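# Remarks on the overall topology
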2 protein chains.
Amino acid sequence: MNIARTKNLPIGIFDSGVGGLTVLKALREALPNEDLIYLGDTARLPYGTKSPASIARYACRAAGHLQEQGIKLLVVACNTASAVALDALREQMHPLPVIGVVEPGAMAAVKARPRGSHLVLATEATVRLGAYRHAIEALDEEASVTELACELLVSLAEEGWLDGDIGVDILRRYLDGLDDDRRQPDCVILGCTHFPLLRDTIAAVIDDATVIVDSASTTAVVAAAALSDLGLLNTQTEPGALTLLATDGATRFARVGGQFLGEDLSPDDIRIVDL
Amino acid sequence: MNIARTKNLPIGIFDSGVGGLTVLKALREALPNEDLIYLGDTARLPYGTKSPASIARYACRAAGHLQEQGIKLLVVACNTASAVALDALREQMHPLPVIGVVEPGAMAAVKARPRGSHLVLATEATVRLGAYRHAIEALDEEASVTELACELLVSLAEEGWLDGDIGVDILRRYLDGLDDDRRQPDCVILGCTHFPLLRDTIAAVIDDATVIVDSASTTAVVAAAALSDLGLLNTQTEPGALTLLATDGATRFARVGGQFLGEDLSPDDIRIVDL
């Protein structure tokens, strides 16, 4: 591998859909001169309710497509795929570095509230595997971790209903399923890339003293450190280029994805690939 | 094709997930001696937010699997697949008869409220194609039809939250997007197989004089008539056998599907097939 040439390759970012654009946004802010190529596997979303075997198969296929395009680092910007398929992806992509969002999210939570009580809001698949629990407990033996699957919040974010009482009522109903002492944690972790869009909704339900952390900004820091360690930071001075790929539905991707990215997208900005 | 042998084949029922079990339930009641084989394409659900090309590809693959198992009639128990892919499915399955749920739903609506105003609650894909509008207008020139995409109600039914105010609030918010004169129609059509589970929620929001129709029972009547016309009704006297197939997630299928079928299912009742 030629370092000078590899430096100029884009960072690959992969998600089941558009939620990972919150991670892409953080990467652009942290690394403005890097070229980025994003693939949303919209033909197979959502991953969160599928079986581990299906999730791993889909994730490896999507990551393989980015590898063929030529990338220098893969960011798995999907909590479910990070929880379920990170080992399989690292095996497939070797020697390319692969960064998931679960470990950075756990790092951010432990840093914000050492020895704290953490509540992880995530998809069914992420909760089933206890991905955040394991990652947090590995960093902080005295932490306590509760994980809560909130599929309807994913749909709510996809629908773009980011204001109003419906999100509040949905979250309250999920929280009602927990024991009393787990409903007001020290830290809430947004364990799904859709949930940063619902930050206001979540803040309205939890205690003011509770900190809300998400994986996006810490993942960007971890990615920047990895590229720096490998001598692979892009040295170009102009702003990096952005390429958006999806496996289905450019119109919907543009409409919903624009909200996640925080800027208007047109269907023409998205290239559909058939995996 | 040998009629005596074909008679003994099961009816194939195909859906993107578990929602079609409401149609299967109606078929069992109308045709208790028929063997039924159901395939839920849970690895690729939901269809409602995907592109027409992807929906048609998935539907044809799933239907092809049922055809290989040996069936005498295919019921497409998914509104989205019926709206998008019925012609493609009929072409592929020919000469096997293929029945969708959109036309029976339209028939039921026109019969219930001739020259009426109809409100169709459905998925994005079904609405985008105007499937119910075309089917109703073909039957009743004086009917007026409004179609409304309600993706969050699909997720709500999948989550099993069939009571409480959240569904009411979600439906009200969708209805708020309509002009005043369209919010209180003569007839509401449940244009997604998930929505019969939310019948109480929907009834709580609409006017008492409004009739609610779904496709399930009319589809069963149409299927029975088709088999009778072809001389293919099963003449066995014992209750028909039921085979349940899914492309992913037996545990989730059993948990959610049991609600749709109205009886307890165990993961062992579902055979996972890899398409």
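Predicted, not measured: the structure shown is a model, and the values here were computed from it. (Residues numbered from 1 in each chain as written. Chains lettered and ligands numbered in written order. Predicted model: local features only at pLDDT ≥ 70, side-chain atom pairs only at ≥ 80, totals over all residues. Heavy atoms only, no water.)

### Some words on the side chain of B:T22
By the element assignment, B:T22 lies in helix α2 (residues 21-30). Among residues more than four places away in sequence, those in contact with B:T22 are B:T193, B:P196, B:A216 and B:F260. (Helix = DSSP H or I, 4+ residues; strand = E, 2+ residues; numbered from the N terminus. Contact = heavy atoms within 4.5 Å.)

### Some points on the packing of helix α5 (residues 102-112) of chain A against helix α11 (residues 216-229) of chain A
All names here are of chain A. Running from N to C, α5 and α11 point in directions that differ by 110 degrees, and their axes come no closer than 8 Å. The pairing of α5 with α11 is recorded here as roughly perpendicular in orientation. As for the relative orientation of α5 and α11, their crossing is right-handed in sense. Contacts between α5 and α11 involve P104, M107 and A108 from the former and T218, T219 and V222 from the latter. Classifying every residue of the contact of α5 with α11 by side-chain character gives 4 nonpolar, 2 polar and no charged. (Axes fitted to C-alpha atoms, helices over the stretch in contact; angles between N-to-C directions. Parallel < 35°, antiparallel > 145°, perpendicular 65-115°, else oblique. Left-handed = near helix turned anticlockwise from the far one by under 90°. Nonpolar A, V, L, I, M, F, W, Y, C, P; charged D, E, K, R; others polar.)

### Topic: the interface of chain A and chain B
At the interface, 29 residues of chain A touch 29 residues of chain B. Roughly 2500 Å² of surface becomes buried between chain A and chain B when both sides are summed, with 50% attributable to carbon and sulfur atoms. Remark: the boundary between chain A and chain B carries 8 salt bridges. With a shortest N-O distance of 2.7 Å, A:R252 and B:E124 are connected by a salt bridge. (Buried area = accessible area lost by both parts, 1.4 Å probe. Salt bridge = Lys/Arg side-chain N within 4 Å of Asp/Glu carboxyl O.)

### Notes on the domain arrangement of chain A
All names here are of chain A. Here the domain parsing of chain A yields domain 1 (3-100 + 217-272) and domain 2 (102-214). Relative to domain 2, the C-alpha centre of domain 1 lies at a distance of 23 Å. On the side of domain 2, 25 residues touch domain 1, which itself brings 27 residues to the contact. Contact between domain 1 and domain 2 buries roughly 2000 Å² in total, counting both sides, with carbon and sulfur atoms accounting for 56%. The interface formed by domain 1 and domain 2 includes 1 salt bridge. Residue R252 is joined to E158 by a salt bridge in which the shortest nitrogen-to-oxygen separation is 2.9 Å. (Domains from an automatic or database assignment.)

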